[in-house]
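# Working through the structure, step by step
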Amino acid sequence: MTSLKNCPAPAKLNLFLHVNGRRADGYHLLQTVFQLIDHGDTLHFELRDDDAIRRVTDLPGVPEESDLIIRAARLLQAEVLRRTGALPRGVDIAIDKVLPMGGGLGGGSSDAATTLMALNSLWQAGLSKEELMALGLPLGADIPFFIFGETAFAEGVGEAMRPVQAPDCWYVVIEPGVAVPTAAIFCSEHLTRDTPVVIITDFSSHLENRNGLKGFGKNDLQQVATKLFPPVAEAIEWLSAYGDARMTGSGACVFSAVATEAEADAVLAKVPAKWKAWKAKALNRHPIIAKL
Ligand SMILES: C[C@](O)(CO)[C@H](O)COP(=O)(O)OP(=O)(O)OC[C@H]1O[C@@H](n2ccc(N)nc2=O)[C@H](O)[C@@H]1O
Ligand SMILES: Nc1ncnc2c1ncn2[C@@H]1O[C@H](COP(=O)(O)OP(=O)(O)OP(=O)(O)O)[C@@H](O)[C@H]1O
């Protein structure tokens, strides 16, 4: 096999996101449910005759050298060299970018995770899932989750994960049109960092309904993000008329669960034209698993 086309890099939603504390190194201890959804970027990989790793699609605002896709590919290439003494063939990587940057949807992390999984297969590198997760973590906190590949309850700095059954529902997602820098939210003096720790049984009954995790938990980053970025507050306020609207990750995107696709369409029809909005279905498993 010399190419892998149409590899999905889905988005995630944080159904709740609690900040429970802060480590000595400044990183925050979180508890979250990462929900995979069927909306995201698509990547294409084509092996080269030399050993160069190239992005063949322009991504405005993200130079090739700092792109998480390229950094992930180079990291795996170096790891294969270290293990086998042979440098794997280079690769041209194309991307259909759909997910907004700084959207809280984990776009960059998902692209990097898909790159690690696809190249592990194309290069027949044989790294285990756990080895790929460890390789990806320094590049982005959400990368291990996407490689884990299942909707999950995550704790710590995101590295301890347990699969949970995704609520069987749809989500309406609004992009408020701003990019939120994650670090700025975590640095804020106004961020509360003392939400009590929960256990799965605290919310497992909520997973069975078709309203996401409506009524359970909150996003602790939301208060800070809405103060710094008023369009996020405005989108939450608008969407709240149709359900329990929340922000995902460190923002900017906001979402609300609905039971059916028809209900999602009904809400989408009313979204003010100034915002981009879309619907997505809850997934239990990463769609790339069926492909590799
Ligand atoms: C908040 C989440 O969106 C939840 O899914 C993610 O954990 C953030 O993931 P990300 O955007 O990939 O963030 P990273 O690039 O890993 O980290 C950006 C910055 O956020 C802060 N950060 C991130 C994760 C964490 N558990 N504690 C932190 O304090 C750190 O200042 C870090 O330098
Ligand atoms: N392939 C990539 N796609 C998107 N962003 C990338 C990529 N590579 C590097 N980046 C950088 O990462 C930053 C964060 O982008 P990303 O889309 O991952 O944010 P996010 O959705 O807020 O993530 P999270 O939910 O993990 O906080 C971008 O502003 C960009 O500078």
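Parameters and conventions
- Residues numbered from 1 in each chain as written.
- Chains lettered and ligands numbered in written order.
- Predicted model: local features only at pLDDT ≥ 70, side-chain atom pairs only at ≥ 80, totals over all residues.
- Heavy atoms only, no water.
- Helix = DSSP H or I, 4+ residues; strand = E, 2+ residues; numbered from the N terminus.
- Contact = heavy atoms within 4.5 Å.
- UniProt positions renumbered as here; feature names shortened; annotations may be inferred.
- Polar contact = N/O pair within 3.5 Å; in protein donor to acceptor, adjacent residues only side chain to side chain.
- Buried < 20%, exposed > 50% of the residue type's maximum accessible area, 1.4 Å probe, protein only.
- Axes fitted to C-alpha atoms, helices over the stretch in contact; angles between N-to-C directions.
- Parallel < 35°, antiparallel > 145°, perpendicular 65-115°, else oblique.
- Left-handed = near helix turned anticlockwise from the far one by under 90°.

A separate point is the side chain of Thr32. Its place among the elements puts Thr32 in strand β2 (residues 28-47). Dropping the residues within four chain positions of it, Thr32 is found in contact with Asn14, Phe16, Leu17, Ala152, Phe153 and Ala154.

A word on the UniProt feature "active site" (unreviewed entry) in the protein. In this structure's numbering, the residues bearing the UniProt feature "active site" (unreviewed entry) are Lys12 and Asp142. The named residues occupy 131 residues along the chain; their greatest pairwise C-alpha distance, 9.2 Å, places them in one compact cluster. Turning to its location among the elements, Lys12 is positioned in strand β1 (residues 3-22). If we skip the residues at most four places from it in the chain, Lys12 touches Phe34, Gln35, Gly104, Leu105, Gly106, Asp142, Phe145, Phe146, Thr248 and Gly249. Among the polar contacts listed, one links the side chain of Lys12 to the side chain of Asn14, at a separation of 2.6 Å. Residue position: Asp142 is located in the loop between α3 (129-136) and α4 (143-148). For Asp142, the residues in contact, after removing those within four places along its chain, are Lys12, Phe34, Gly106 and Ser109.

Glancing now at unusual backbone geometry. Peptide bonds are trans in most cases, and residues, glycine excluded, mostly fall at negative phi. Gly251 connects to Ala252 through a cis peptide bond whose omega is 15 degrees. Non-glycine residue Gln124 carries a positive phi angle of around 50 degrees. Tracing the backbone shows Gln124 in the loop between α2 (107-122) and α3. Gln124 gets classed as exposed once you look at its relative accessible area, which sits at 71%.

Next up on the list: the environment of Gly140. Checked against the element boundaries, Gly140 lands in the loop between α3 and α4. Taking the C-alpha atoms as reference points, Gly140 and Gly108, 32 residues apart in sequence, are found 8.2 Å from one another.

Let's shift gears to the packing of helix α1 (residues 68-84) against α3. With their axes 11 Å apart at the nearest point, α1 and α3 run at an angle of 125 degrees to one another. Taken together, the axes of α1 and α3 are oblique relative to one another. Our pair here, α1 against α3, has a crossing hand that is right-handed. Judged by residue contacts, Leu75, Leu76, Glu79 and Arg83 of α1 engage Glu131, Leu132 and Leu135 from α3.

Before going further, it helps to spend a moment on the environment of Phe45. Residue position: Phe45 is located in strand β2. Relative accessible area serves as the criterion here: at 0%, Phe45 is assigned to the buried category. Distance in space between the C-alpha atoms of Phe45 and Ile288 is 13 Å, their sequence separation being 243 residues.

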